[in-house]
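# Overview (structure and organization)
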Amino acid sequence: MTLCVPLPQPNHFFNSSIEQWKRLPGGMPPARPGYHLDRGWRASNVGSITAAPALVDSPSSFPLFQPLPIQESLSELEPADPDFYKIGYVRSMRAYGIEFKEGPDGFGVYASKDVEPLRRARVIMEIPLELMLTIRQQPPWMFFPDIVPIGHPIFDIINSTNPETEWDLRMACLLLYAFDKQDNFWQLYGDFLPSADECTSLLLATEEDLLELQDPTLTTTMKQQQGRALDFWERHWHNGAPLKIKRLARDPERFTWAVSMAQTRSIGMQIRIGALVQESNMLIPYADMLNHSFQPNCFLHWRFKDRMLEVMINAGQRIRKGDEMTINYLGSQKNNIFMQRYGFSSPVNPWDAIEFSGNARIHLDSFLSVFNISGLPDEYYHKSPDHLPNVGGTFMDGAVLAAARALPTWSDRDLPALPSVERKAAKELQEECQQMLVQFPTTLEQDQEILDSTPQSRTFEAAIKYRLHRKLYIQKVVRALDMYQELLLY
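Calculation criteria
Residues numbered from 1 in each chain as written. Predicted model: local features only at pLDDT ≥ 70, side-chain atom pairs only at ≥ 80, totals over all residues. Heavy atoms only, no water. Axes fitted to C-alpha atoms, helices over the stretch in contact; angles between N-to-C directions. Helix = DSSP H or I, 4+ residues; strand = E, 2+ residues; numbered from the N terminus. Parallel < 35°, antiparallel > 145°, perpendicular 65-115°, else oblique. Left-handed = near helix turned anticlockwise from the far one by under 90°. Contact = heavy atoms within 4.5 Å. Pairing = 2+ DSSP bridges. Phe/Tyr/Trp six-rings, centres within 6.5 Å; stacked < 30°, edge-to-face > 60°. Buried < 20%, exposed > 50% of the residue type's maximum accessible area, 1.4 Å probe, protein only. Lys NZ or Arg CZ within 6 Å of the ring centre and 35° of its normal. Salt bridge = Lys/Arg side-chain N within 4 Å of Asp/Glu carboxyl O. pLDDT = per-residue confidence, 0-100. Core = buried A, V, L, I, M, F, W, Y, C linked by side-chain atoms within 4.5 Å. Polar contact = N/O pair within 3.5 Å; in protein donor to acceptor, adjacent residues only side chain to side chain.

This part takes up the packing of helix α4 (residues 167–180) against helix α7 (residues 216–236). As a packed pair, α4 and α7 sit with axes 11 Å apart at the nearest point and diverge in direction by 50°. Judged by the angle between their axes, α4 and α7 are oblique. Note on packing geometry: the crossing formed by α4 with α7 is right-handed. Residues D168, L169 and C173 of α4 form the contact with α7, whose participating residues are Q225, R228 and F232.

And the structure:
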């Protein structure tokens, strides 16, 4: 085995020095010990140095002669092997100890083996930057990877957007361009994105579906969002637009679908590329299949040294085989924000809220102590629900935490609450909650019957669930106030 190391061509000073030594009476000087120098060697024929086999086979302290270290994954889990990421690109996505399959909430990521808790986070997915679609959140617009060529009209369309509010329109334009670009990864990955019939985004909902929300404010907001997408398409996909633009979205439905993909599957994240640190909107393949949870077991981390996004299991998290891997999409947001952005809601959202118009208030510390909730008004958490009688530890959930935030309360240092006054205030709040439930055109039972009946469109089903979750939350507040009155000490 030989190792050839190319050397640079010698400079003029080195050539002249060789010629001067040849003109001397003794000719070329003798080589120093340990080196072999051919006297017939000429400087103009500088080639490569061939190392002796003994030197190559033995370990060397010189870094050039050492073999490259084998890069090992940071995860100790077994590699997953789904067919749909076997795509021959420069760097491929890698997954460990997980599988992608259909679940109760659609396509998701599930653990394929038990994972014991560790004191450090554990990697389950590694997605390289080359497979993503990213745009800088503020101008000048920068794309990583830079797939938009100079002079392409799609850049002028992206540049015409409002930097503060139209990030989703920019991501939609970039996604449509990636579908059209030859040999782009997203031409293949697009087959795994939900179609218009499978997506729950309210951008794709009909006017009848929006009326089923029973929320006039949210209905008006979504109609404005739909009109914004339509106006943008009509402004840039007119009859005089170039063919390379027209073929990206030949009808407004195609563009609206792309905007819904941008809203429901992209994230905002700070990334570092070399010395550049910037906030970017990103479409990340495979990681976009992670569903949402208010108690997630995973999080996203940017590994800047090799431009990888890591999906990692929380430190100390125990995972059982078949458990779904989840992340938190937006953090502390109400159900109407989740519905507007993603098209889903949750009955146990700890950040949901209802507006009370009366003057009744309950004692904050007393309510928290009844449900064993501790913390500041902005950050609640509960220790254990097992002390609650006759509920078997199932009553305490995010809705009770949301009630602790939403209920009108008072607190005056060490001044104790009077039980009779507290019960009167709790009953007044319950009456106001009952009035809220009466104002809905349908009841809880009717909504559940609609969901159990013949299948409807995904957006219609999402609208029914939204109003159902709203009523369940109000009902939970009523039950919590009942338990507060029962457990309040005299």
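Turning to the sheet that holds strand β6 (residues 122–128), a few remarks are in order. The sheet built from four strands is open, its strands ordered β3-β6-β13-β12 with antiparallel pairing. In this open sheet, the two edge strands, each paired with only one partner strand, are β3 (94–95) and β12 (298–303). Both β6 and strand β13 (residues 308–313) contribute to a ladder of six bridges, which runs antiparallel. Within β13, the position partnered with M125 by the bridge is V311.

Taken as a whole, this structure holds 19 aromatic pairs when the rule is applied. For the ring pair F185 and Y189, a centre distance of 5.6 Å and an interplane angle of 20° mean the geometry is stacked. Here F185 and its partner Y189 are both found in helix α5 (residues 185–189), four residues apart, which amounts to about one turn of the helix. Given a relative accessible area of 1%, Y189 falls into the buried group. Considering the side-chain rings of Y342 and F344, the 5.8 Å spacing of their centres and the 35° angle between planes classify their relative orientation as tilted. Judged by relative accessible area, Y342 falls into the buried class, the value being 7%. Residue F344 is classed as partly exposed on the basis of its relative accessible area, which comes to 26%. Within the aromatic cluster, the residues linked to one another by ring pairs are F100, F185, W186, Y189, F192 and Y286. Here the basic side chain of R272 rests over the ring of F304, its NZ or CZ set 4.1 Å away from the ring centre. Its guanidinium or amino end placed over the ring of W351, R405 lies 3.9 Å from that ring's centre, counting from NZ or CZ.

Tallied over the entire structure, the rule returns 17 salt bridges. The salt bridge partner of D397 is K476, with a shortest N-O separation of 3.1 Å. Of this pair, D397 sits in the loop between β17 (379–382) and α12 (398–406) while K476 sits in helix α15 (residues 458–487); the two residues are 79 residues apart in sequence, bridging distant segments of the chain. Linking K471 and D447 is a salt bridge whose minimum nitrogen-to-oxygen distance equals 2.5 Å. A residue pair is termed long-range when its members are at least 10 positions apart, and K471 in helix α15 and D447 in helix α14 (residues 444–452) qualify at 24 residues. Through salt bridges that share partners, R94, E126, R303, D306 and E310 make up one connected network.

Here the focus is the confidence of the model for the chain. Per-residue confidence for the chain averages 83 on the pLDDT scale, and 77% of its residues sit at or above 70. Between residues 28–60, whose pLDDT stays under 50, and residues either more than four places distant or in other chains, the model counts 39 contacts. Overall, residues 81–89 carries pLDDT values under 50, and its contacts beyond four positions in sequence, including any with other chains, amount to 19 contacts.

The strand order β8-β7-β10-β9 describes an open sheet built from four strands, whose pairing is antiparallel. A single partner strand is all that each edge strand has here, and the edge strands are β8 (143–144) and β9 (266–273). Across two bridges, the pairing between strand β7 (residues 133–136) and β8 is antiparallel. Counted as the bridge partner of T134 is F144 from β8. Packed onto the sheet, α4 meets β7, β8, β9 and β10 (276–283) and runs at close to 140° relative to β7. Sitting on the sheet, helix α9 (residues 252–265) touches β9 and β10, and the angle it makes with β9 is about 65°.

One finds M125, W186, W237, F255 and M325 to be the most contacted residues of the largest nonpolar core, which totals 81 residues. Considering each element in turn, this core owes the most residues, ten residues, to α4. Filtering out sequence-adjacent residues up to four positions away, W186 remains in contact with L131, M132, L133, L175, A178, F179, L193, L283 and P285. Counting residues in hydrophobic clusters, the runner-up holds 36 residues, among them V370, L401, V477 and M483.

With respect to the helices and strands, Q485 occurs in helix α15. Given the relative accessible area of 12%, Q485 is considered buried. Excluding anything up to four places from it in sequence, Q485 contacts R423, A426, K427 and Q430.

For the rest of this paragraph, the subject is the side chain of E166. In this structure, E166 sits in the loop between α3 (153–159) and α4. A polar side-chain atom of E166 sits 2.9 Å from the main-chain amide nitrogen of N162. Excluding residues that lie within four positions of it along the chain, E166 makes contacts with T161 and R228.

The subject of this paragraph is unusual backbone geometry. For the bond running from P139 to P140, omega is 0°, close enough to zero to count as cis. With respect to the helices, strands and loops of the structure, P140 is situated in the loop between β7 and β8. Notably, R307 is not glycine yet its phi reads approximately 55°, a positive angle. Mapping R307 onto the fold places it in the loop between β12 and β13. Overall, R307 belongs to the partly exposed group, its relative accessible area being 37%.

Relative to the elements of secondary structure, N184 occurs in the loop between α4 and α5. Here N184 falls in the buried class, since its relative accessible area comes to 11%. Measuring from C-alpha to C-alpha, the distance between N184 and I147 comes to 8.9 Å, with 37 residues separating the pair along the chain.

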